Amino acid sequence: MNFADFFAMGGYAWYVWPSWLLTAFILLWNVIAPQRKHRQLLQQLRTQTKREHLKRARQSNRSQSP
Amino acid sequence: MNVLLKFYHRLGSPREFYKISSALIPWLGWTSLILILLASYLGLVVAPSDYQQGDSYRIIYVHVPSAWLSMFIYVVLAVSAAIGLIWRMKMAYVIMICSAAPGAWFTMVALITGSLWGKPMWGTWWEWDARLTSELLLMFLYIGIIALYNSFDERRVAEKSTAILAIVGVINVPIIHYSVEWWNTLHQGSTVMRADGPAMDVRMLWPLLIMAFGFNLYYGLTLMQRARNQVLVQEARSSWVQSLVTEREQQ
């Protein structure tokens with residue numbers, strides 16, 4: 001079997017390949033999107049936590065020196 | 001038994017769930033990738049052409065596992081909803097809501113690849129017959145679940161209302177499965193899940209089964225990814241999340 005025959009899919013290339021490509025694309029997207037969101041969430045939570053630590057530190061400084 | 005009970009309790013705690021899911025994700029990712037690639041090679045190259053449908057039948061390897069999974073995910077979603085309502089388990093609702101999006105995606109894949117298969121074989125992209133219509137209804141159920149969950153500000157209200165919709169909607173799953181028997185449909189009957197065993201050449205059947213297994217692991221993967229994100233959002237104020245994010249920075 002040569003490559004041209006393989007890609008022709010017995011004349012059904014326009015139905016078989018879009019099906020497979022669409023499936024592959026959706027599978028990839030559903031892994032990449034949550035992975036990216038996980039990174040963003042960690043980043044966002046880090047800045048949030050830092051800001052709160054700073055705030056708390058400032059407040060305790062103020063209460064110590066009247 | 002004690003070990004099982006312990007594991008159940010660990011899974012029920014968001015903190016432990018985050019740890020376990022993070023450890024599972026690479027394993028699920030690589031095994032599902034290997035299985036899907038293997039099944040693709042077997043299905044596209046090794047399996048022979050069909051005597052009736054020629055090479056067009058190779059759409060089966062993406063269409064059928066997606067369709068099976070679209071129903072399987074709904075059952076997982078509904079069972080989690082019931083567990084959440086009955087035992088008030090925190091993580092059950094996380095599994096419920098994080099299954100909705102993958103379920104909707106797989107339903108979409110099943111519908112579109114089915115359409116691409118229907119055109120050359122039946123001569124039409126779409127037909128309002130029982131199988132196709134009930135699968136379309138499943139798509140709307142998933143979308144409805146996502147929309148309902150997001151329409152409440154209070155998370156507990158959202159979880160409960162969504163759980164009730166999810167449980168009512170499970171009636172659609174047996175309707176989809178038996179639609180090809182109960183009604184005269186354009187869609188062919190079951191080839192694999194038959195009482196008298198699969199009616200299919202083994203060289204065609206194996207790639208399908210491997211692909212289905214790979215898709216199932218893949219669902220596990222995307223579910224774990226989404227669920228741990230959801231856990232992070234829900235537990236943002238807890239001390240373990242705060243130490244988790246600051247620990248990471250020091251490394």
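Everything that follows concerns the structure shown earlier in this document.
Residues numbered from 1 in each chain as written. Chains lettered and ligands numbered in written order. Predicted model: local features only at pLDDT ≥ 70, side-chain atom pairs only at ≥ 80, totals over all residues. Heavy atoms only, no water.

1. Digging into the overall build of chain A
Going by this rule: The helix and strand labels rest on DSSP assignments: H or I over at least four residues marks a helix, E over at least two residues marks a strand, and numbering proceeds from the N terminus. Only the C-alpha atoms count toward the radius of gyration. The rule for a globule is 2.2 Å times the residue count to the power 0.38. Burial classification: accessible surface area is computed with a 1.4 Å probe over protein chains only, and a residue below 20% of its type maximum counts as buried, one above 50% as exposed, and the rest as partly exposed.
Broken down by element type, chain A carries two helices and zero strands. The C-alpha radius of gyration of chain A comes to 27 Å, more than 25% above the 11 Å expected for a compact globule of 66 residues. A principal-axis box enclosing the C-alpha atoms of chain A has dimensions of 85 × 20 × 10 Å. Of all 66 residues assigned to chain A, the portion counted as buried reaches 27%.

2. Some remarks on the interface of chain A and chain B
Convention followed: Between two residues, a contact is recorded if the distance between any of their heavy atoms is within 4.5 Å. Accessible area that two parts lose when put together, evaluated with a 1.4 Å probe and summed over both, is termed the buried area. Here a salt bridge means any side-chain nitrogen of Lys or Arg lying within 4 Å of a carboxyl oxygen belonging to Asp or Glu. Asp, Glu, Lys and Arg are counted as charged, while Ala, Val, Leu, Ile, Met, Phe, Trp, Tyr, Cys and Pro are counted as nonpolar; the rest, among them Gly, fall into the polar class.
Counting residues at the interface gives 32 residues for chain A and 44 residues for chain B. For the pair chain A and chain B, the summed buried area comes to about 3,400 Å², and 70% of that belongs to carbon and sulfur atoms. Ionic pairing is found between Arg237(B) and Glu52(A), a salt bridge with its closest N-O pair at 3.2 Å. Among the elements that make up the side of chain A that touches chain B, the one with the highest residue count is helix α2 (residues 13-64) of chain A (27 residues). Considered class by class, the residues forming the side of chain A that touches chain B number 20 nonpolar, eight polar and four charged.

3. A closer look at a nonpolar patch on the surface
All names here are of chain B. The test is simple: Surface patches are defined over residues having more than 30% relative accessible area and no salt bridge, joining like charges when they lie within 9 Å and nonpolar side chains (Val, Leu, Ile, Met, Phe, Trp, Tyr) when within 5 Å. The Shrake-Rupley method, run with a 1.4 Å probe, gives the accessible areas here. Residue values count only the displayed protein chains as cover.
Together, Trp30, Leu33, Ile34 and Leu37 make up a nonpolar patch on the protein surface, roughly 460 Å² of accessible area in all. As for its position among the elements, isoleucine 34 is in helix α2 (residues 14-46). Isoleucine 34 gets classed as exposed once you look at its relative accessible area, which sits at 54%.

4. A word on the pattern of salt bridges
All names here are of chain B. Counted under the stated rule, the structure contains six salt bridges over all chains. A salt bridge links glutamate 16 to lysine 19, with the shortest nitrogen-to-oxygen separation between them at 3.7 Å. On the criterion of helical spacing, the pair formed by glutamate 16 and lysine 19 is a turn pair, its members being three residues apart in helix α2. In this structure glutamate 16 comes out as buried when scored by relative accessible area, which is 18%. Here glutamate 235 makes a salt bridge to lysine 90, at a shortest N to O gap of 3.3 Å. In this pair, glutamate 235 is assigned in the loop between α8 (202-234) and α9 (239-250) and lysine 90 in helix α4 (residues 90-122), connecting sequence segments 145 residues apart. Glutamate 235 sits in the buried class, given a relative accessible area of 13%. For lysine 90, a relative accessible area of 39% corresponds to the partly exposed category.

5. Re the packing of aromatic side chains
Residue and element names in this part refer to chain A. Convention followed: Stacked, edge-to-face and tilted labels apply to pairs of Phe, Tyr and Trp rings (six-membered ring for Trp) whose centres lie within 6.5 Å, assigned for plane angles under 30 degrees, over 60, and everything in between, in that order.
According to the stated counting rule, one finds 14 aromatic pairs over all chains in the structure shown. Between phenylalanine 3 and phenylalanine 7, the aromatic rings sit 6.3 Å apart at their centres with planes inclined by 25°, giving stacked as the arrangement. One end of the pair is phenylalanine 3 and the other is phenylalanine 7, both in helix α1 (residues 3-8) and four residues apart, which spans about a single turn. Overall, phenylalanine 7 belongs to the partly exposed group, its relative accessible area being 47%. On the numbers, 5.9 Å between centres and 45° between planes, the contact of phenylalanine 7 with tryptophan 17 is tilted. Here phenylalanine 7, found in helix α1, pairs with tryptophan 17, found in helix α2; they are ten residues apart in sequence, far enough to count as distant. An aromatic cluster is present here, built from Phe3, Phe6, Phe7 and Trp17 joined pairwise through their rings.

6. Concerning the nonpolar core
Rule in force here: We define the nonpolar core as a collection of buried residues of types Ala, Val, Leu, Ile, Met, Phe, Trp, Tyr and Cys that are connected through side-chain atoms lying within 4.5 Å of one another.
The biggest cluster of nonpolar side chains holds 73 residues, and the ones touching the most others in it are Ile60(B), Tyr61(B), Tyr74(B) and Leu232(B). Looking at which element gives the most residues to this core, the answer is α8(B), with 14 residues. Dropping the residues within four chain positions of it, Tyr61(B) is found in contact with Trp20(A), Gly43(B), Ala47(B), Arg203(B), Met204(B), Pro207(B), Leu208(B) and Met211(B).

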